[in-house]
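Breakdown of the fold
These are the residues of each chain, in order.
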Amino acid sequence: MKNFLTMLKNGSVIGGITMVVFYQIVMISVFMGGYSAIPKNISKLTIAIVNEDATAGKEIAQQFEKQLPFHIVSDLKLDEAKEDLDNRDIHMIVHIPADFTQLLSKQGEHPQMDFFINQSNSAMISSTMQTVSSQIAANLNQQFAIQGVQGILEGMKMPTDQAKELAADIPVKMTSNIVNTNPTPAGMHNQMAPFFLTMVNYTGAMIFSMMIVGAINFLKAKMGRAQAFWSSQAVIAVVSLIAPLVGITIYFCIQGGYGAETFIKVWLLHSLELFAAIQFMSIFSFLLKEKAIFINLTFMLIQTISSGATVDYDMMPGFFKFLSHISIMFYTVQTDFSLFFGGGKTTQHLTGLIIMALASFLIAGLSYLLTSPVSKDESITPTTAS
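Description of the structure in this document. (Residues numbered from 1 in each chain as written. Predicted model: local features only at pLDDT ≥ 70, side-chain atom pairs only at ≥ 80, totals over all residues. Heavy atoms only, no water.)

Before going further, it helps to examine the packing of aromatic side chains. Enumeration over the complete set of coordinates arrives at 21 aromatic pairs. With a centroid separation of 5.9 Å and 35° between ring planes, the pair formed by Phe252 and Phe340 is classed as tilted. A residue pair is termed long-range when its members are at least 10 positions apart, and Phe252 in helix 12 (residues 244-255) and Phe340 in helix 16 (residues 328-341) qualify at 88 residues. Classification of Phe252 as buried rests on a relative accessible area of 10%. Each member of the aromatic cluster is reached from another via a ring pair, and the members are Tyr251, Phe252, Tyr258, Phe263, Phe337, Phe340 and Phe341. Lys321 extends its terminal NZ or CZ atom over the ring of Tyr313, reaching a point 5.2 Å from the ring centre. (Phe/Tyr/Trp six-rings, centres within 6.5 Å; stacked < 30°, edge-to-face > 60°. Helix = DSSP H or I, 4+ residues; strand = E, 2+ residues; numbered from the N terminus. Buried < 20%, exposed > 50% of the residue type's maximum accessible area, 1.4 Å probe, protein only. Lys NZ or Arg CZ within 6 Å of the ring centre and 35° of its normal.)

Structure follows, in structure tokens:
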């Protein structure tokens, strides 16, 4: 019992117990808060209704606006809607062609309604929009069938109730044309590749930042404060450039199908991500020493939500949406979606990542200066020394 209590009072054991409890509290709190947005905030997703038919299409569009549980946009032209879809500002386009009513009224004709879905999105968005498009088509077909045949049967002097019953068995009238833009290769692992590649680099950066700061603090007495800092920056730059090659090469070798240009772009993107993440987490390592793990781990878990890899930006609770603007993982994941599968805002997201890298570097340097006072030897001027 004495040995048990002695072991229990050991600093390392206490630290380990603290981390076990802390990790549970943070992870459950973050995930419960973040993933509660699905499907609670699904109404914040945007669908564009582009109606080019002045007759039945107008009524159908109005019906969509009243019945669909989404944010509906109906004032865009098709080209404008496609651009917003590519930029991930809207999540699906429902297009009603100009000849919809004309074909609807002709015997044997099957009018077509177009559904445009951008696959360069989180898996949740893609699957949700696929389901919604199928439900819209099924509901409209049932409605058209009942209305069309009921009129014919009533014209034959059949009672209204009987006409409605027989009309329910009519075959499909409308066809749905689902257009998947920026398609992803088959397999869930491909849809999640931007998140996996980003997460593995960020996790590595968290561990490396603690080690490099420890090395700086150990060697600064020998090297000098400035030399220790700039030498560490050279190491960080080399590691950031080379380390991402491992994970990216594994993914590209297993998946295949991508060219050298995509490989180089993805490699350089994650090199920038790794550099930015190391700098960002070094800030807390300089200021809080070994306690930095509590801040860095918390922020990493928050970014699993705010990255937009699983929960779309428009669906995020306000806390996660706010933090996405300073989230290294958000800018990286969104850029990855565009590099791998296509889509817009590449420059905007890449610019955000560059700003985060530069700001983190400057703040990390300032944190080092604040926590590493000038030693007596460094304060001696050349004249005094002589």
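Evaluated as defined, the whole model comprises 3 salt bridges. A salt bridge links Glu261 to Lys265; its shortest N-O distance comes to 3.0 Å. Placement of the pair is Glu261 and Lys265 together in helix 13 (residues 260-288), with a separation of 4 residues, close to one helical turn. Taking relative accessible area as the criterion, Glu261 reaches 56% and is therefore assigned exposed. Judged by its relative accessible area of 41%, Lys265 is partly exposed. Notably, a salt bridge pairs Glu290 with Lys291, separated by 3.9 Å at the nearest N-O pair. The class for Glu290 is exposed, based on a relative accessible area of 60%. (Salt bridge = Lys/Arg side-chain N within 4 Å of Asp/Glu carboxyl O.)

A surface patch of like charges, here negative, comprises Asp75, Asp79, Glu80 and Glu83. By relative accessible area, Glu80 is classed as partly exposed at 39%. (Patch = residues over 30% accessible without salt bridge, like charges linked within 9 Å, V, L, I, M, F, W, Y side chains within 5 Å. Areas by Shrake-Rupley, 256 points an atom, 1.4 Å probe, with all protein chains shown as cover. Lys, Arg positive; Asp, Glu negative; His and termini not counted. Charge placed at Lys NZ, Arg CZ, Asp CG, Glu CD.)

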